[in-house]
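Listed below, chain by chain, are the residues.
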Amino acid sequence: MHFALFFFFLVSSVNALHFYLDANQKRCFIEELPTDTVVEGHYRGLEWSEQQQKYTENPELGIVVQVQEEPSGHIVVKTTGPLEGKFTFTSHEAGDHSICLSTNYTSWFSHTHIRLYLDIVVGSTKPDVEHDRSHVSQLASKVRDLNQKLEDIRREQQYQREREEDYRDLSEATNARAVWYSIAQITVLLATCAWQLRHLKRFFEDRKMR
């Protein structure tokens, strides 16, 4: 059971989907990533043909890809490719990354419909094995791949620990504010009671003197 769970974590995260959009639309997806994580995306666009009544390949169709780090607004990737291609980037900051896709059609009056296929693979890009293939055996290459996956897991665990520390600090700060607020309420209540008792004491003393 433990071995199966460990093997599951070694498998790279793959998100495959397809969606529809008009020529002048943009569709964005949010991917939460740790620092220094390699992401590779593959896409393929098909355009609706009224003549053939189906989605077909149009060589004039281009796909615009933009990747932005949400915490800082830093743009990691901004490129226009053919109707089928791929993009790769490495996260420099931990947190949400928006992956946006649109077409190269700029007319707001265009009613062209596009079907886009998108595969996003997180943490699966391998080192440059081809360069060292003549000097590295097949077994050593597999060990290298395994070490890379373990490094991805280590970064993910470190990222989760940092998030847990942030949440713990926030929780402790909130609890501290709640305690001080309760103490302040008790102090005000005691002061009010003391003032009322003193006022009542003077009131009865005045009534007694009369």
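Residues numbered from 1 in each chain as written. Predicted model: local features only at pLDDT ≥ 70, side-chain atom pairs only at ≥ 80, totals over all residues. Heavy atoms only, no water.

Colleague: In this structure, what is going on with the overall build of the protein chain? I would like to understand it.
Modeller: Each helix and strand counted, the protein chain has 3 helices and 9 strands in total. Starting at the N terminus and walking to the C terminus, you meet the elements of the protein chain as α-β-β-β-β-β-β-β-β-β-α-α. Counting every atom, the protein chain has about 15100 Å² of accessible surface; 57% of that belongs to carbon and sulfur. (Helix = DSSP H or I, 4+ residues; strand = E, 2+ residues; numbered from the N terminus. Areas by Shrake-Rupley, 256 points an atom, 1.4 Å probe, with all protein chains shown as cover.)

Colleague: Could you clarify how one ought to interpret the packing of aromatic side chains in this entry?
Modeller: Per the counting criterion, the structure on display carries 3 aromatic pairs. With 5.1 Å between their ring centres and 65° between their planes, W48 and Y55 make a pair best called edge-to-face. The exposure class of W48 is partly exposed, given its relative accessible area of 27%. Ring-pair connections join several aromatic residues into one group, and the members of that group are Y20, W48 and Y55. (Phe/Tyr/Trp six-rings, centres within 6.5 Å; stacked < 30°, edge-to-face > 60°. Buried < 20%, exposed > 50% of the residue type's maximum accessible area, 1.4 Å probe, protein only.)

Colleague: Teacher, can you tell me more about the nonpolar core here?
Modeller: Generally speaking, nonpolar side chains in soluble globular proteins are found buried as a group. In terms of nonpolar packing, the biggest core is built from 22 residues, with V65, F87, F89 and L101 touching the most fellow members. Among the elements that take part in this core, strand β9 (residues 113-122) stands out by supplying 5 residues, more than any other. Beyond its immediate chain neighbours, meaning those up to four positions away, V65 contacts Y43, V77, K78, T79, F87, C100 and L101. (Core = buried A, V, L, I, M, F, W, Y, C linked by side-chain atoms within 4.5 Å. Contact = heavy atoms within 4.5 Å.)

Colleague: Would you take a moment to explain the pattern of salt bridges for this structure?
Modeller: Pairing is possible between side chains that carry opposite charge, provided their charged atoms lie close to one another. Taken as a whole and assessed by the stated rule, the structure comprises 6 salt bridges. The closest approach of N and O atoms between R154 and E151, which form a salt bridge, is 2.6 Å. Of the two residues, R154 and E151 both sit in helix α3 (residues 138-209), 3 residues apart, roughly one turn of that helix. With a relative accessible area of 42%, R154 lands in the partly exposed category. Measuring nitrogen to oxygen at the nearest pair gives 2.3 Å for the salt bridge that ties R155 to D152. Of this pair, R155 and D152 both sit in helix α3, separated by 3 residues, roughly a single helical turn. Salt bridges here are not isolated pairs; linked through shared partners, they connect E151, D152, R154 and R155. (Salt bridge = Lys/Arg side-chain N within 4 Å of Asp/Glu carboxyl O.)

Colleague: How should the pairing of strand β3 (residues 38-49) be read in this particular structure?
Modeller: Residues in a regular strand point their side chains to alternate faces of the sheet. β3 sits mainly inside the fold: 9 of its 12 residues count as buried. With 7 bridges joining them, β3 and strand β7 (residues 84-90) adopt antiparallel strand pairing. Note on β7: the bridge partner recorded for V38 is T90. In terms of strand pairing, β3 meets β9 through 9 bridges, oriented antiparallel. The partner of H42 across the bridge, within β9, is D119. Strand direction decides the pairing type here: β3 and strand β4 (residues 54-56), joined by 3 bridges, are antiparallel. Paired with E47 across the bridge in β4 is T56. Between β3 and β4, which pair antiparallel in sequence order, lie 4 residues; one of them, Q53, sits at a positive phi of approximately 55°. (Pairing = 2+ DSSP bridges.)

Colleague: In this structure, what is going on with the sheet that holds strand β5 (residues 63-69)? I would like to understand it.
Modeller: Two orientations exist for strands paired in a sheet by backbone hydrogen bonds: parallel and antiparallel. Pairing is antiparallel across the open sheet formed by 4 strands, whose spatial order is β2-β8-β5-β6. The open sheet terminates on both sides in strands that have one partner only, identified here as β2 (26-33) and β6 (74-81). Adjacent strand axes in the sheet meet at a mean angle of 15° when their direction is disregarded. Strand direction decides the pairing type here: β5 and β6, joined by 7 bridges, are antiparallel. What sits directly across from V67, in β6, is V77. (Axes fitted to C-alpha atoms, helices over the stretch in contact; angles between N-to-C directions.)

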